[in-house]
Amino acid sequence: MSLFTTNYDVIVVGGGHAGSEAAAASANMGAHTLLITMNLQNIAQMSCNPAMGGIAKGQIVREIDALGGYSGIVTDKTAIQFKMLNKSKGPAMWSPRAQSDRMLFAECWRTMLEQTKNLDFYQDSVNGLLFNDDTIIGVKTALGLEIKAKTVIITAGTFLNGLIHIGDKSFGGGRAGEGASTGITEDLIKKGFDAGRMKTGTPPRVDGRSLDYSKMIEQPGDEITEKFSYLPTSKALTKQRSCWLTYTNLKVHDALREGFERSPMFNGRIQSTGPRYCPSIEDKIDRFATKERHQIFVEPEGWTTCEMYVNGFSTSLPEDIQDKAIRSIEGFENVKFFRYGYAIEYDFFQPTQLTHSLETKLVKNLFFAGQINGTTGYEEAAAQGLMAGVNAALKTQEKPPFILKRSEAYIGVLIDDLITKGTEEPYRMFTSRAEYRTLLRQDNADLRLTPRGFEIGLASKERLDRVLEKQRKTDLLIDFLQKTSVTESEINPILEAKNLALINQSMKLYKIASRPQLAFSEFYNIEKVKAFLKENNMDREIIEQAEIHLKYAGYIAKEKNNADKLNRLENVVIPASFNYSKVKSLSYEAREKLTKIQPTSISQASRISGVSPSDISVLLVYMGR
Ligand code: FAD
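Every value quoted in this text rests on a predicted model; they were computed, and no experiment measured them.

Parameters and conventions
Residues numbered from 1 in each chain as written. Predicted model: local features only at pLDDT ≥ 70, side-chain atom pairs only at ≥ 80, totals over all residues. Heavy atoms only, no water. Helix = DSSP H or I, 4+ residues; strand = E, 2+ residues; numbered from the N terminus. Rg over C-alpha atoms; globule rule 2.2 N^0.38 Å. Areas by Shrake-Rupley, 256 points an atom, 1.4 Å probe, with all protein chains shown as cover. Lys, Arg positive; Asp, Glu negative; His and termini not counted. Charge placed at Lys NZ, Arg CZ, Asp CG, Glu CD. Axes fitted to C-alpha atoms, helices over the stretch in contact; angles between N-to-C directions. Parallel < 35°, antiparallel > 145°, perpendicular 65-115°, else oblique. Left-handed = near helix turned anticlockwise from the far one by under 90°. Contact = heavy atoms within 4.5 Å. Nonpolar A, V, L, I, M, F, W, Y, C, P; charged D, E, K, R; others polar. Expected span 1.5 Å × (residues − 1). Buried < 20%, exposed > 50% of the residue type's maximum accessible area, 1.4 Å probe, protein only. Near = heavy atom within 4 Å. Polar contact = N/O pair within 3.5 Å; in protein donor to acceptor, adjacent residues only side chain to side chain. Pairing = 2+ DSSP bridges. Right-handed = clockwise from strand over helix to strand, strands pointing away.

**Looking at the overall build of the protein**
When its secondary structure is counted, the protein shows 20 helices and 22 strands. In terms of C-alpha radius of gyration, the protein reaches 26 Å, essentially the compact-globule figure of 25 Å for 625 residues. Each principal axis of the C-alpha distribution contributes one length, and for the protein these read about 80 × 70 × 50 Å. A total of about 26,200 Å² of accessible surface is found on the protein, and carbon and sulfur atoms cover 51% of it. Both charge centroids of the protein, one from 79 positive and one from 75 negative side chains, sit 3 Å from each other.

The structure is reproduced here in structure tokens:
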């Protein structure tokens, strides 16, 4: 039966962070898109921490925004606190992070999606997939509908055969209060896909009115706030809510240990792997048994709600244990629970089964994005969603896929890591995963990516014009600094105030400005600088960009050079039909892995674990190099 007579260009299954970006991207690229999700009230629900960004993740949100995605705009509209992390380190490490109002976040996403042309909505649960041989042609739903489409993107998050655990209780569910999704995994396994299990957990939420903040340390947001979206319509926060810091102690740890026997983590009921960098509190006290305390950040869930998120206390221990242990934390003596913490196990699919466009290798026109690919985190999910949305739309338009290189974006690193190496535990992004992090900064994501987003028809002309103007002004300022000299009398008072050696002849401004001990803001009072900045309407963003270029010119040039070398290998294409089994001079392991992953270039082949430099030399000879 089909009440849907339209043959859609793109069906997106699931309206989480991946699904929302996927639906927005494909619709904005002109593809007639249908978003099917179990509950339209929970669009882009933040299942865990109500925060976006953070180290390496903040860079991803800026990249999504630069390409024309919505996550940055929604975060700015719903933020209650902003921090630029790592500001004391070099600019490659600066990472924006914002706490959001959880309910506003979901509402704002839904409003933005409803205002997107070419996008239809439908609330139902997809419980089967429709194939024509090795091509997907649509989906089946729990209400018995069959809906056809040229391409399908699955973004089912933690819902595929989701199993929730609290102490000795476990029950089916995709997230607290929501049912699991069945049928999709089973259909994919029948098609030959390799599925696995992973787990993640979340802390309790408590009533902020029952906490004693006088025993905690206040954690206010930054005094000077910034924002995620490059668009001028997005505004930085002028008012913020504070978070609070407190600690666990030995009494808390003892109380938690009492529940270990009933813990699904320790009694063997949970077998799957959880996120290494986001361990549960029971995991922390077990692994770091000598540590006497762990940090607990108490974070508001919104502007008006009194619900608080207990960051650092993720647990699946029984409710009575959670209750007893948390009461021994300073400030929590009289706590009232809103929701208990829990763990969830779910199906994922090894991402080595995907190509760089996030299309599956086994079934044509079928794309996966988000937690289903073994990742964890809203930002990682949103980035994959955007890329899958773009590529599904391009596929329907019979255009080549849109692929970002490792030297172009964290998004490129994320996807290349996933499809080349696969993952045995929930994958999250770190700056250390990117070999060119001086190039992939949060401040220049627009310069790197907006022209590419515009080229494929996703980023607007308004975005592109803004970027071209930013580049023009930055070049103008650098040129001014290179051509303008300052006298001893102009610069020495600044050097003296910093206890730096004085100069005894005039000097070009760029030479002084590139010194790490001096911030450019210290030159604002030099008359010719002041006049130039005013005359050319130079704002903080432009000055920061020029300053980074001057101070880090050496590092940037070195990384660009290395990236160019890598990109030359990227251009050595391996034909899809290449038969590795015939190349006897390759090691057995290399032959096996190369056949499984089917790298598209020599560079990708070199990143597969088990493929050695000598295997690469052999391949280079075969590719005529
Ligand atoms: P989700 O946000 O899970 O969205 C999936 C969407 O698909 C939902 O709207 C669902 O209703 C819909 N859906 C599913 N199946 C179907 C179907 N068959 N038909 C129709 N609709 C369907 N991340 C971290 O970074 N750190 C953490 O500590 C952390 N802890 C977590 C703890 C818990 C308990 C949970 C549930 C998640 C946690 N996460 C954590 C993960 C984070 O929530 C996800 O990484 C992120 O939400 C993934 O986005 P997604 O779009 O892939 O999936």
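**Brief notes about the packing of helix α3 (residues 71-78) against helix α4 (residues 102-114)**
Their axes nearest at 9 Å, the elements α3 and α4 cross at an angle of 135°. Between α3 and α4, the interaxial angle falls into the category oblique. Note that α3 runs across α4; the crossing there is right-handed. Residues Ser71, Ile73, Val74, Thr75, Lys77 and Thr78 of α3 form the contact with α4, whose participating residues are Leu104, Phe105, Cys108, Trp109 and Met112. For the contact of α3 with α4, a count of residues per class yields seven nonpolar, three polar and one charged.

**Regarding helix α12 (residues 461-483)**
End to end, α12 covers 33 Å across 23 residues, agreeing with the expected 33 Å (1.5 Å per residue, within 8%). Buried within α12 are the following residues: Arg463, Leu464, Arg466, Val467, Lys470, Lys473, Thr474, Leu477, Ile478, Phe480 and Leu481.

**Points about the site of the ligand**
Near the ligand there are 34 residues, and of these Ala18, Val126, Ser181, Gln371 and Gly377 occur at the shortest range. The separation between an oxygen atom of the ligand and a polar main-chain atom of Ala18 is 2.9 Å. Between the ligand and Gln371 there is a distance of 2.3 Å, counted from an oxygen atom to a side-chain nitrogen or oxygen. For the shell around the ligand, the secondary-structure elements that each account for two or more residues are α1 (17-28), β2 (33-37), β12 (195-202), β19 (342-349) and α9 (378-396). The class makeup of the residues in the shell around the ligand is 14 nonpolar, 18 polar and two charged.

**Things to note about the environment of Ala513**
If you trace the backbone, Ala513 turns up in helix α14 (residues 509-513). A relative accessible area of 2% means that Ala513 is categorised as buried. Residues Ala513 and Tyr122, spaced 391 residues apart in sequence, show a C-alpha to C-alpha distance of 56 Å. Setting aside residues no more than four positions away along its own chain, Ala513 makes contact with Leu518, Phe520, Phe523, Leu550 and Lys551.

**Here's the deal with the packing of helix α2 (residues 57-67) against helix α11 (residues 445-455)**
Relative orientation of the contacting elements α2 and α11 amounts to 35°, with a least axis distance of 7 Å. Of the two elements, α2 crosses α11, and the hand of that crossing is right-handed. Of α11, the residues touching α2 (which contributes Arg62, Glu63, Ala66 and Leu67) are Ala445, Asp446, Arg448, Leu449, Thr450 and Gly453. For the contact of α2 with α11, the residue count by class is four nonpolar, two polar and four charged.

**Quick look at α1**
When the terminal C-alpha atoms of α1 are compared, their 17 Å separation across twelve residues agrees well with the 16 Å that a helix rising 1.5 Å per residue should span. Among the residues making up α1, those that are buried are His17, Ala18, Gly19, Ser20, Glu21, Ala22, Ala23, Ala24, Ala25, Ser26 and Ala27. Within two residues after α1, Gly30 carries a phi angle of roughly 95°, on the positive side.

**Quick look at the pairing of β2**
Counting buried positions along β2 gives five out of five residues, so the element sits mostly inside the fold. Covered by surrounding structure in β2 are Thr33, Leu35 and Thr37 together with Leu34 and Ile36, the residues of both alternating faces. In terms of strand pairing, strand β1 (residues 8-13) meets β2 through four bridges, oriented parallel. Bridged to Val13 within β2 is Ile36. Following the backbone out of β1, through α1 and into the adjacent parallel β2, one traces a crossover that is right-handed. By the bridge criterion, five bridges tie β2 to strand β6 (residues 119-123) in an arrangement that is parallel. Bridge pairing in β6 places Ile36 opposite Tyr122.

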